[in-house]
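Next come the chains, spelled out residue by residue.
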Protein chains: 2
Amino acid sequence: MTDSSLLIVGSIGLDTVRSPYGQVENVLGGTAIYASCAASSVCSPALVGVVGDDFPQKHVQLLESKNIDLTCLEYTPGKTFHWKGYYEGDMNAAITEDTQLGVFGEFSPKIPESHCSIPFLFLGNIHPQLQLDVLNRMEGNPVVAADTMNFWINGTPELLDQVVRRVQIMLVNDGEAMMLTKKTNLHDAADSILDMGPKVVVIKKGSHGATLFAKDWMFTIPAIPLRTAKDPTGAGDTFAGGMMGYLAKTGELNPSNLRRSLVMGTVLASYTVEDFSLNRLAAVDREAIRDRVDLLRDLTSFEPLDL
Amino acid sequence: MTDSSLLIVGSIGLDTVRSPYGQVENVLGGTAIYASCAASSVCSPALVGVVGDDFPQKHVQLLESKNIDLTCLEYTPGKTFHWKGYYEGDMNAAITEDTQLGVFGEFSPKIPESHCSIPFLFLGNIHPQLQLDVLNRMEGNPVVAADTMNFWINGTPELLDQVVRRVQIMLVNDGEAMMLTKKTNLHDAADSILDMGPKVVVIKKGSHGATLFAKDWMFTIPAIPLRTAKDPTGAGDTFAGGMMGYLAKTGELNPSNLRRSLVMGTVLASYTVEDFSLNRLAAVDREAIRDRVDLLRDLTSFEPLDL
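The structure displayed is predicted, hence computed values, not measured ones.

Chemist: Describe the relation of the copies chain A and chain B, and please don't skip the residues or the numbers.
Modeler: It takes a turn of 180° to lay chain A on chain B, together with a shift of 0.0 Å along the axis; the resulting RMSD is 0.0 Å. Both chain copies can therefore be described as sitting about a two-fold axis. Both copies present the same face, since 100% of the interface residues in chain A are matched by interface residues at the equivalent positions in chain B.

Rendered as structure tokens:
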């Protein structure tokens, strides 16, 4: 058995990234990495992913130093997934220059018996069939959050539909929510997703923050305005990892915990974008988290209005 | 003398608008109209603007019923300013089909002695030279907020620069803030505007809400997610009018009042977009305001994190 309370499935990559603030080559990246590192601030996550024989040992050491359970980290002969891209201007959109799937192209998540009863599961943005395979493997009705992207919304809508119907938390960005539901109003889109089954829909809006929609309540949290924002790569995955990490720590999916989980995701994502790769995120400690939770509270607080 | 505590200068128009939710022809619109109607929920505004001899009397009656001081409403032979445009998809951007300046093309705000000492002033988006003319006419150092747009940022940068240096509150959208300061980071852009003189910069982000930047604090408020959003025309002007109305009512430009003024602006703007023209805004009462202030508080509240 494992002590982990959160299983995280997703890509592991080596990224080459350029932004107006510099550039880096073959640095640690990928959904499962950012999400695990974020979650490790609050709980003990286990990571499911695949790397090639070019994956540097120092990255494994970093993950181990974060107490991330690497039992399900698979080593396969070949190249690790590689993404090359850049950001311009306000960095709101990544422009992809090259994608080399490598061993990730044949990724098939393998979850040993010891890890099938982990109570919280984050399904990063991978082929919906793989997300379903993981769901079918799990025991004991875990709390599941899934992310996806326009590629699967357009390419495999039926499979994705099955995923959405089986998760409690659906994570998408605003454009994807509308694409998925063919609605032009975000609230309508969220309602449609809720009608499919999820208890909550979390709409990620990048530098505009995130909004949670449930059947009879909503919560919205702004992104923290930052003077130093060098590289948004991994911010969404950090957000999801921090959110699920907080939920796994608290154990129960109630409104108060859900609200606070979005705060945790927002705080950790704000650190991720301050530097390339995991350079800043990996150094975040309890005090750094507290500082930005306080900042977020101050950023959003107002006294009763004089009416 | 006048009892008004807020002077509002801007366009008055007859709008023809099409959105996925319907269309209207020659309906009441314009910055000064939306801002005055919004402000009238909390204070007594006076409106400065010009209309042609085609301006329907029923609109004047509506403004009078809101106790808006119309002393400075100028009637000029000719046509009232007319804007024709439409919205598609998520309605985040207006597409202009036609603009007929009419009598607004020769607008020169005339402020009688009785209105020169009004303590709060909102300069809507008009030619920066006209904004300066009004500033030069005012007495007793009013609290001034100014709005502008990309047309003036590119077309008359030196004049606009003079305006920015003489106001306490600068209102711009995120793209305009970066265009005005040639920065790509929003926080940097806001800092640069603050360096020019304003005490606060309010960045309007449409459906993503608004963020206030001051020298050593920030505040951000989301837009209320709405199931019924028919027409965003006038939302920004409603926001500005509600904000300045609340400040005029409370009288003092401190952080607590500024925060609450953005809440008021957000609440009123949420009503404006629910219907075309001023159909919904004009019917907003105290209870409707309270409902959405409560909604905004619930939307943004979270308990202390368990860390």
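Chemist: Residue-level account of unusual backbone geometry, with values.
Modeler: Of note, S277 of chain A is a non-glycine position whose phi angle comes to about 50°, a positive value. You can see S277 of chain A is positioned in the loop between α9 (255-272) and α10 (286-300). Taking relative accessible area as the criterion, S277 of chain A reaches 6% and is therefore assigned buried. Located in the positive-phi region is N26 of chain B, a residue other than glycine, with phi close to 55°. In this structure, N26 of chain B sits in strand β3 (residues 22-29).

Chemist: Report on the sheet that holds strand β5 (residues 73-75) of chain A, specifying residues and quantitative values.
Modeler: In any sheet, the strands associate via hydrogen bonds between backbone groups, in a parallel or an antiparallel arrangement. Residue and element names in this part refer to chain A. Taken in spatial order, the nine strands line up as β5-β4-β1-β8-β9-β10-β11-β12-β13 in an open sheet, and their pairing is mixed. Two strands bound the open sheet, and with one partner strand each, they are β5 and β13 (218-221). Across the sheet, the mean angle separating the axes of adjacent strands is 15° when strand polarity is ignored. Note: strand β1 (residues 6-9) against strand β4 (residues 45-51), four bridges, orientation parallel. When the bridges of β4 are listed, I8 appears paired with L47.

Chemist: Explain the interface of chain A and chain B residue by residue, including any values.
Modeler: At the junction of the two partners, chain A supplies 48 residues and chain B supplies 48 residues. Area buried by chain A at its contact with chain B is led by R227, F302 and L307 of chain A, which between them contribute 18% of it. If you look at where chain A meets chain B, you find four salt bridges. In this structure, D298 of chain B engages R259 of chain A in a salt bridge whose closest nitrogen and oxygen atoms are separated by 3.3 Å.

Chemist: I'd like a rundown of the nonpolar core, residues and numbers included.
Modeler: With 232 residues, the main nonpolar core has I169 of chain A together with I169 of chain B as its most contacted residues. Sequence-distant contacts of I169 of chain B, that is, excluding residues within four places in its chain, are made with V143, V144, A145, A146, V200, V202, M243, M244, L247, L253 and L258 of chain B.

Chemist: I'd like a rundown of the sheet that holds strand β12 (residues 210-214) of chain B, residues and numbers included.
Modeler: Residues and elements named next belong to chain B. Strand order in the open sheet formed by nine strands is β5-β4-β1-β8-β9-β10-β11-β12-β13, and the pairing between neighbours is mixed. Unpaired on one side and paired on the other, β5 (73-75) and β13 (218-221) mark the two borders of the sheet. Neighbouring strand axes in the sheet, compared pairwise and without regard to direction, differ in orientation by 15° on average. Against the sheet, helix α6 (residues 174-181) touches β10 (169-173) and β11 (200-204), its axis set at about 110° to β10.

Chemist: Pulling in residues and values, what's your account of the packing of aromatic side chains?
Modeler: Following the criterion strictly, the structure yields eight aromatic pairs over all chains and no others. A ring pair is formed by F104 of chain B and F107 of chain B, whose centres lie 5.6 Å apart and whose planes are at 25°; its orientation type is stacked. Within the aromatic cluster, the residues linked to one another by ring pairs are F81, F104 and F107 of chain A. The cationic tip of R292 of chain A hangs over the ring face of Y271 of chain A; the distance from NZ or CZ to the ring centre is 4.0 Å. One residue, R18 of chain B, lies across the ring of Y86 of chain B, its end atom 4.5 Å from the ring centre.

What counts, and at which threshold
- Residues numbered from 1 in each chain as written.
- Chains lettered and ligands numbered in written order.
- Predicted model: local features only at pLDDT ≥ 70, side-chain atom pairs only at ≥ 80, totals over all residues.
- Heavy atoms only, no water.
- Least-squares fit on C-alpha atoms with pLDDT ≥ 70 in both.
- Contact = heavy atoms within 4.5 Å.
- Helix = DSSP H or I, 4+ residues; strand = E, 2+ residues; numbered from the N terminus.
- Buried < 20%, exposed > 50% of the residue type's maximum accessible area, 1.4 Å probe, protein only.
- Pairing = 2+ DSSP bridges.
- Axes fitted to C-alpha atoms, helices over the stretch in contact; angles between N-to-C directions.
- Buried area = accessible area lost by both parts, 1.4 Å probe.
- Salt bridge = Lys/Arg side-chain N within 4 Å of Asp/Glu carboxyl O.
- Core = buried A, V, L, I, M, F, W, Y, C linked by side-chain atoms within 4.5 Å.
- Phe/Tyr/Trp six-rings, centres within 6.5 Å; stacked < 30°, edge-to-face > 60°.
- Lys NZ or Arg CZ within 6 Å of the ring centre and 35° of its normal.

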